[in-house]
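Chain residues, written in single-letter form:
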Amino acid sequence: MLIAGRLIMDATTNPQPGWLRIEGDRIIDVEEGDPPSRPDVGGPDHVVTPGFVDCHLHFPQFDAIGVDGLPLLDWLKATVYPAEHAWRDPAWAQIQSQQAVRRLLREGTLGCAAYLTSHPHAIAAARHALGETPLRAIVGRVMMDREAPPDLCSTAADPEPWIEADRPDSRTQTAVTPRFAIACSDAMLARAGELAPGRFVQTHLGEQQAEIDRTLEFYPDDASYTAVYDRFGLLHERALLGHCVHLASDEWELLRRRRGVAVHCPQANIFLQSGLFDLDAAREHGVRVALGSDIAAGSDASMPRVARAMIETAKARRLTVAPKAAIPTPGEAWNMVTRDNAAALGYDDGGVLRPGAAADLLILRPPFDIDEHLIGRLLYNWSTDFIVHRVLAGRVVSDS
Ligand SMILES: [Zn+2]
């Protein structure tokens, strides 16, 4: 398949006209200039970008979007746990997984890391949906044994598996997924720590002050919230730590040493009034940062809009508490939701347009003239309607 258009190779430089060729599930050739023959897809007024990647969302929570006005711990009880309770029905879990996958595909998200529920059949439901539409995904059965409704709690000795062996040919992996330290006893975090080596770990960290206070009530002997996870062996280069809004300097330093990834969820942090993520602190401490929609605390699964919210958060910090806050450019933000997020999920061949890379990409046709402000115009005008084709594993797929 021959695809032509402005190629977003690195969004911090102005995309130039070019073409690429796909064979099987790989990009085999990428060149600037006119295509050698009539393209199968695209043309001069089209833009080709790697697909978006979302590093933090919850498949069962799409129906929970928009319940406003509650702090995190109350919002979980009022909204999230009832939505997750409904997954006790395996058929419903499968339907909702299919809806989540289709929604992501429609938004141009071709890779993700997602929390499921604590039900033993949750992974099978998600695998079924992901097998029909082979998004790349890291999914996790949520580990909880306290501070949640009893039917959503399990025990560290649960005989049902928390993770599955990864098949080399599968585009779905499973992650160790303790929800957060409040909902996990010592025994549950110890179980998670046993499973963690070599595996993706996803959990929440430092989202709201009340959450931090409650965590330290449960774990009074640990120096910090971050130190709790570290004591149980949960911090390593495959650890995806959602939020990281309220971290002290020693916690950032610990994350740097362990090579963990801070997953910034800017829309969720505004919606639940958690705070303004300190991108400067992450950068100063050399901590890797990825971006997530955090559906349903975040209300929008569109990663360009999440990227925009990251820029707006940095601007809000500069206007209020941090006059010298660095503001990411649109190009940096676009790179984050494509190649940087792909790298955070271990997709070394993803999020980029180059020979040998995975052919997971989008062909856009924006309704404005293409000029040197292309990336900014895409980001700030963004509509899913710009996506004319979604290419997944080398095949054009429908979003329905
Ligand atoms: Zn979350």
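Residues numbered from 1 in each chain as written. Predicted model: local features only at pLDDT ≥ 70, side-chain atom pairs only at ≥ 80, totals over all residues. Heavy atoms only, no water.

So, on to the pattern of salt bridges. Using the criterion set out here, one finds 22 salt bridges in the structure. The salt bridge partner of Asp25 is Arg26, with a shortest N-O separation of 3.3 Å. By relative accessible area, which is 26% here, Arg26 ends up partly exposed. A salt bridge links Asp158 to Arg141, with the shortest nitrogen-to-oxygen separation between them at 2.7 Å. Of this pair, Asp158 sits in the loop between strand 8 (142–143) and strand 9 (172–174) while Arg141 sits in the loop between strand 7 (136–140) and strand 8, and the two are 17 residues apart along the sequence. Here the two residues Asp158 and Arg141 agree in accessibility, since each one is buried. Bridged by salt links that share partners, the residues Asp25, Arg26, Arg136 and Asp349 form one connected network. (Salt bridge = Lys/Arg side-chain N within 4 Å of Asp/Glu carboxyl O. Buried < 20%, exposed > 50% of the residue type's maximum accessible area, 1.4 Å probe, protein only. Helix = DSSP H or I, 4+ residues; strand = E, 2+ residues; numbered from the N terminus.)

Helix 12 (residues 374–381) packs onto helix 10 (residues 303–319) with a crossing angle of 100° between their chain directions and a minimal axis gap of 8 Å. Between helix 10 and helix 12, the interaxial angle falls into the category roughly perpendicular. Counted together, Pro304, Ala307, Arg308, Ile311, Glu312 and Lys315 of helix 10 and Leu379, Tyr380 and Asn381 of helix 12 form the full contact between these two elements. Tallied by class, the residues present in the contact of helix 10 with helix 12 amount to five nonpolar, one polar and three charged. (Axes fitted to C-alpha atoms, helices over the stretch in contact; angles between N-to-C directions. Parallel < 35°, antiparallel > 145°, perpendicular 65-115°, else oblique. Contact = heavy atoms within 4.5 Å. Nonpolar A, V, L, I, M, F, W, Y, C, P; charged D, E, K, R; others polar.)

All right, on to the pairing of strand 1 (residues 2–7) then. A large share of strand 1 lies buried, amounting to five of its six residues. Inspection of the sheet shows strand 1 paired to strand 2 (residues 16–23) by six bridges, in the antiparallel sense. Across the sheet, the residue bridging to Gly5 is Gly18, located in strand 2. Across four bridges, the pairing between strand 1 and strand 4 (residues 41–50) is parallel. Its bridge partner being in strand 4, Ile3 is matched across the sheet by Val41. (Pairing = 2+ DSSP bridges.)

The subject of this paragraph is the coordination of the zinc ion. Protein coordination at the zinc ion comes from His56 (NE2), His58 (NE2), His204 (NE2) and Asp294 (OD), with a distance range of 2.1 to 2.4 Å. Here the donor residues of the zinc ion share one chain and are spaced in sequence as H-x1-H-x145-H-x89-D. Note that His56 is positioned in strand 5 (residues 52–58) and His204 in strand 11 (residues 201–205), a separation of 148 residues in sequence. Residues His56 and His204 agree in their burial class; the two are buried. (Donors = N, O, S within 2.8 Å, 3.2 Å for Na, K, Ca; no water.)

This part covers the nonpolar core. Phe59, Tyr229, Trp252 and Trp334 are the most contacted members of the largest nonpolar core, which totals 122 residues. In this structure, Ile22, Val352, Ala359 and Val391 belong to the second largest nonpolar core, which totals 15 residues. (Core = buried A, V, L, I, M, F, W, Y, C linked by side-chain atoms within 4.5 Å.)

Here the residue pair Ile295 and Ala296 is connected by a cis peptide bond, since its omega of 15° sits within 30 degrees of zero. Mapping Ala296 onto the fold places it in the loop between strand 14 (288–291) and helix 10. In this structure, His243 takes a positive phi of about 90° despite not being glycine. Mapped onto the fold, His243 is located in strand 12 (residues 239–243). When its relative accessible area of 0% is taken as the criterion, His243 is described as buried.

Remember, this is a structural readout, not a statement about activity or role.
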